[in-house]
Amino acid sequence: MVFARLAIATALLVVLVILVLAAPPHGQTVDDPVFDQLSALITAKMAEYHVPGVAIGVLRRAGRRCAASAYATSTIRSR
Amino acid sequence: MRGFGVRNVNDPQPVTLNTVFPLASISKTVTATALMRLVEQGKVDLRAPVRRYLPDFRVADETVSRDVTVWHLVTHTGGWEGQLSATDKGDETLARFVANLATNMQLAPPGAAWSYNNAGFAVAGRIIEVVTGKTFSDAIDDLVFGPLGLKLAFTRVGDVVAHSPAVGHVVGPDGTPVMQRTFTLGSSPPAGGVAMSIDNLLEYARFHLGEGLGANGSRMMARATLDAMQTPQLRKQGYDEDIGLAWHLRTVGNVRTVAHGGTFSGHILLLELVPDRQFAMAILTNAGSGWRLIQDVEREALRAYHDATFSPNQAIGHRGLNETLPSATPLAKQPQPTAYVGQYERPMNTVDVRVENGHLVVQVRPRGRDADAPMPLTFYGTDRAIVTAGADANASVEFLRDGLGAVQWVRLTGRIARRVAEPARGARPSATGIAQGR
């Protein structure tokens, strides 16, 4: 009986560890192919509409963010 | 999250996740969040008259001054002219602004004709000041920014300029962006004066999607209160969407969106939640042309993430930024123009609706300067028209009727003008005919 309970507890612990590792913690960024596609679209639209700067953020399942980086664009020149 | 491009073209430092953008009208959701905290605390009643908190409150119509409620303020249904800016008078800005509304023109009875209203949110901000005994800025710090742990969120220009702000731009004569001067925040602090980084804005979005917990894990608001903010309060007459408490509610395909845009001083911005999918997206731009980018990216994001596309002839409503209709198939039989022809007015302009060469056109005549170009219209639905040519092509124009079925208002860019000439039939609406939504 004690052995069975110990086995169940161990299994639950393993499942918990897997879940924690699978889900990025609060605020962590994750890879997102759609976000990458949107980034390419933004770059094109910045040039088309003469927009000097854009910040975009996507929150998925209220805990995961998409990869972050900063870009400069050659379409904008200083005046 | 990503930052693209530069904060301003004169000093081309890159946009980063810490760049602070003026949020313009997205600020209205922050004001409503603070107000709803006070509602939870029993200090404000949404259904109470504004005069319970501001005894001297007055607009041009005395009946409206007496009866209008806090709820009207945060649903854009006060019915008075709303496109007013509050001159910066420091801590006295809102008190002075509200005191100066006494002659403000009433365009419709409260609740009768949905019309985007910055002035209403300024009044709501003044209520927050009076109830808390603090300046609006201090109250927002205490009620929203502090509990959410937002370190790059501000309401004072002096704080914003010390934290790498993005500066607005307009397209110059040679087609390249030129900085918009001078740097200011929105029309008033409660209607448009919040600034945030994209990182902090996503934290704010997470809060509105979540269980109402603050940064330290303690209860900040009840989930039920956040739900109430995202629940339809009123159908935005003439549009296929609703208004919540500050939030604009739109269904795209099978997806319910909760959003607010912003437009001010060379900045166009959007914050959009999809609560059922626990999804949020923010797009912040520093150009007056940024609405076109936002529109293209938002529609592609809704399609790519949620397989959501607009219905044919869906009448999208003003959410604080320009948008063009996703689709509009002209009616095979256009209505007789006589029901719509006439002159409509706002304090700052008149709007002529007339027939030219057999087509209905609308023309805005600002007081004190030349008239804008006439815009040809074609109806794609009942009282719903689309501009068919010119700089505003594919923008929507709606005609709204009173309870007797007479066209009383024309609405451009989400703002109504009231008909000056007597309607073809029926009586003009009475200011006492106050309509209240849910």
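Residues numbered from 1 in each chain as written. Chains lettered and ligands numbered in written order. Predicted model: local features only at pLDDT ≥ 70, side-chain atom pairs only at ≥ 80, totals over all residues.

A.B. asks: Just checking my understanding: could you explain the overall build of chain A for this structure?
C.D. replies: Scanning chain A from terminus to terminus reveals two helices and four strands. Helices and strands in chain A line up, N terminus first, as α-β-α-β-β-β. In chain A, buried positions account for 27% of the 79 residues. Once local pairs closer than 6 in sequence are excluded, the contacts in chain A between residues at least 24 apart make up 68%. (Helix = DSSP H or I, 4+ residues; strand = E, 2+ residues; numbered from the N terminus. Buried ≥ 20, exposed ≤ 12 C-beta atoms within 10 Å, placed from the backbone. Contact = placed C-beta atoms within 7 Å.)

A.B. asks: Is there a simple way to explain the sheet that holds strand β14 (residues 349-356) of chain B in this structure?
C.D. replies: Sheet strands pair by backbone hydrogen bonding; their relative direction is either parallel or antiparallel. Within the closed barrel, the eight strands sit side by side as β13-β14-β15-β16-β17-β18-β19-β20 (chain B). Their pairing is antiparallel. Looking at each pair of strands side by side, their axes are set apart by 35° on average, direction ignored. (Pairing = 2+ DSSP bridges. Axes fitted to C-alpha atoms, helices over the stretch in contact; angles between N-to-C directions.)

A.B. asks: What's the story with the sheet that holds strand β6 (residues 194-197) of chain B in this structure? I'm lost.
C.D. replies: Residues and elements named next belong to chain B. As summarised here, the arrangement of the three strands in space is β2-β6-β3, forming an open sheet in which the pairing is antiparallel. At either margin of the open sheet sits one strand with a lone partner, and together these are β2 (20-24) and β3 (153-154). Bridge count for β3 against β6 is two bridges, and the pairing is antiparallel. Bridged to Phe154 within β6 is Ala195.

A.B. asks: Would you take a moment to explain the interface of chain B and chain A for this structure?
C.D. replies: Accessible area lost on assembly of the parts is the figure often given for the size of an interface. Contact residues are listed per partner, giving 51 residues for chain B and 35 residues for chain A. Considering each element in turn, the side of chain B that touches chain A owes the most residues, nine residues, to helix α11 (residues 290-306) of chain B. Pairing analysis gives six bridges linking strand β2 (residues 53-60) of chain A to strand β12 (residues 279-285) of chain B, with the strands arranged antiparallel. Note that in β12 of chain B the partner of Leu59 of chain A across the bridge is Ala280 of chain B.

A.B. asks: Whenever I open this one, the pairing of strand β17 (residues 384-387) of chain B confuses me. Can you help?
C.D. replies: Regular strands place side chains that alternate from one sheet face to the opposite one. Residues and elements named next belong to chain B. Of the two faces of β17, the one carrying Arg384 and Ile386 and the one carrying Ala385 and Val387 are both buried. Bridge count between strand β16 (residues 375-381) and β17: four bridges; the pairing is antiparallel. Counted as the bridge partner of Thr378 is Ile386 from β17. Taking the residues that link successive antiparallel strands as the turn, the β16-β17 hairpin has two residues, and the phi of Asp383 there is positive, at about 65°. Note: β17 against strand β18 (residues 396-401), three bridges, orientation antiparallel. Following the sheet pairing, Arg384 is matched in β18 by Glu398.

A.B. asks: It is not clear to me how the confidence of the model for chain A should be interpreted in this structure. Could you clarify?
C.D. replies: Any segment with low pLDDT has predicted coordinates that should not be analysed in fine detail. All names here are of chain A. Summing up the model confidence of chain A, the mean pLDDT is 61 and the portion of residues at 70 or higher is 39%. When pLDDT is averaged over each helix and strand of chain A, the minimum, 38, is found for strand β4 (residues 69-70) and the maximum, 91, for helix α2 (residues 33-49). Taken as a whole, residues 11-28 scores under 50 in pLDDT and shows five contacts with residues more than four places along the chain or in a different chain. (pLDDT = per-residue confidence, 0-100.)

A.B. asks: Would you mind showing me how to read the packing of α2 of chain A against α11 of chain B here?
C.D. replies: The angle between the axes and the distance between the axes are what describe a pair of packed helices. One way to put it is that α2 of chain A packs onto α11 of chain B with a least axis distance of 10 Å and a crossing angle of 160°. Put simply, α2 of chain A runs roughly antiparallel to α11 of chain B. The way α2 of chain A lies across α11 of chain B gives a crossing that is right-handed. When α2 of chain A is examined against α11 of chain B, the residues Val34, Gln37, Leu38, Leu41, Ile42, Lys45, Met46 and Tyr49 of chain A are found in contact with a partner set consisting of Arg292, Leu293, Asp296, Val297, Glu300, Ala301, Ala304 and Tyr305 of chain B. Class assignment for the residues of the contact of α2 of chain A with α11 of chain B results in eleven nonpolar, one polar and four charged. (Parallel < 35°, antiparallel > 145°, perpendicular 65-115°, else oblique. Left-handed = near helix turned anticlockwise from the far one by under 90°. Nonpolar A, V, L, I, M, F, W, Y, C, P; charged D, E, K, R; others polar.)

A.B. asks: So what exactly am I meant to see when it comes to helix α1 (residues 27-40) of chain B here?
C.D. replies: Helical geometry note: an α-helix holds 3.6 residues per turn, so side chains three or four residues apart project in the same direction. Residue and element names in this part refer to chain B. The terminal C-alpha atoms of α1 lie 20 Å apart, and with 14 residues this matches the ideal 20 Å at 1.5 Å per residue to within 8%. Counting buried positions over the 14 residues of α1 gives eleven, a clear majority of the element. Gly42 lies just past α1 and shows a positive phi near 80°. (Expected span 1.5 Å × (residues − 1).)

A.B. asks: Is there a simple way to explain unusual backbone geometry in this structure?
C.D. replies: Among all residues save glycine, negative phi is the norm, and among peptide bonds the norm is trans. All names here are of chain B. Look at Ser265: it is not a glycine, yet its phi comes out positive at around 50°. Among the structural elements, Ser265 can be located in the loop between β10 (255-264) and β11 (267-274). One non-glycine residue, Asn394, adopts positive backbone phi at about 75°. Along the chain, Asn394 turns up in the loop between β17 and β18.

A.B. asks: Sorry if this is basic, but what is going on with the packing of α1 of chain B against helix α6 (residues 136-148) of chain B here?
C.D. replies: Residue and element names in this part refer to chain B. Packing of α1 against α6 leaves a shortest axis separation of 9 Å and a crossing angle of 75°. Classified by the angle their axes make, α1 and α6 are roughly perpendicular. On α6, the residues touching Val30, Thr33, Ala34 and Arg37 of α1 are Ala139, Ile140, Leu143 and Val144. Residues that form the contact of α1 with α6 fall into these classes: six nonpolar, one polar and one charged.

A.B. asks: Would you mind showing me how to read the domain arrangement of chain B here?
C.D. replies: Residue and element names in this part refer to chain B. Structurally, chain B comprises domain 1 (20-306) and domain 2 (337-419). Its C-alpha centre places domain 1 at a distance of 27 Å from the equivalent point of domain 2. Tallying the contact residues gives twelve residues for domain 1 and 13 residues for domain 2. Residues that form the side of domain 1 that touches domain 2 fall into these classes: six nonpolar, five polar and one charged. (Domains from an automatic or database assignment.)

A.B. asks: Help me out: how do you make sense of the pairing of β2 of chain A in this one?
C.D. replies: Counting buried positions over the eight residues of β2 of chain A gives seven, a clear majority of the element. By the bridge criterion, four bridges tie β2 of chain A to strand β1 (residues 2-5) of chain B in an arrangement that is antiparallel. Note on β1 of chain B: the bridge partner recorded for Val54 of chain A is Phe4 of chain B.

A.B. asks: Can you walk me through the nonpolar core in this structure?
C.D. replies: Nonpolar side chains in soluble globular proteins tend to end up buried together. Core analysis: the largest hydrophobic core is formed by 139 residues, its most contacted members being Val54 of chain A together with Met196, Ala205, Ala282, Ile283 and Val410 of chain B. Counting contributing residues, this core receives three or more from each of domain 1 (20-306) and domain 2 (337-419) of chain B. Dropping the residues within four chain positions of it, Ile283 of chain B is found in contact with Val54 and Ile56 of chain A together with Leu269, Leu270, Ile294, Val297 and Glu298 of chain B. (Core = buried A, V, L, I, M, F, W, Y, C linked by C-beta atoms within 7 Å.)

A.B. asks: What's the story with the environment of Tyr305 of chain B in this structure? I'm lost.
C.D. replies: Looking at the secondary structure, you find Tyr305 of chain B in helix α11. On the neighbour-count criterion, Tyr305 of chain B (19 C-beta atoms within 10 Å) is partly exposed. The spatial distance from the C-alpha of Tyr305 of chain B to the C-alpha of Phe279 of chain B is 9.3 Å, given a sequence separation of 26 residues. Apart from the residues within four sequence positions on either side, Tyr305 of chain B is in contact with Val34 of chain A together with Phe279 of chain B.

A.B. asks: Please clarify how the confidence of the model for chain B should be interpreted in this entry.
C.D. replies: Within chain B, residue pLDDT values average 93, and 96% of them lie at 70 or more. Below a pLDDT of 50 lies the segment residues 423-438 of chain B, which in the model reaches 42 contacts outside its immediate sequence neighbourhood of four places, other chains included.

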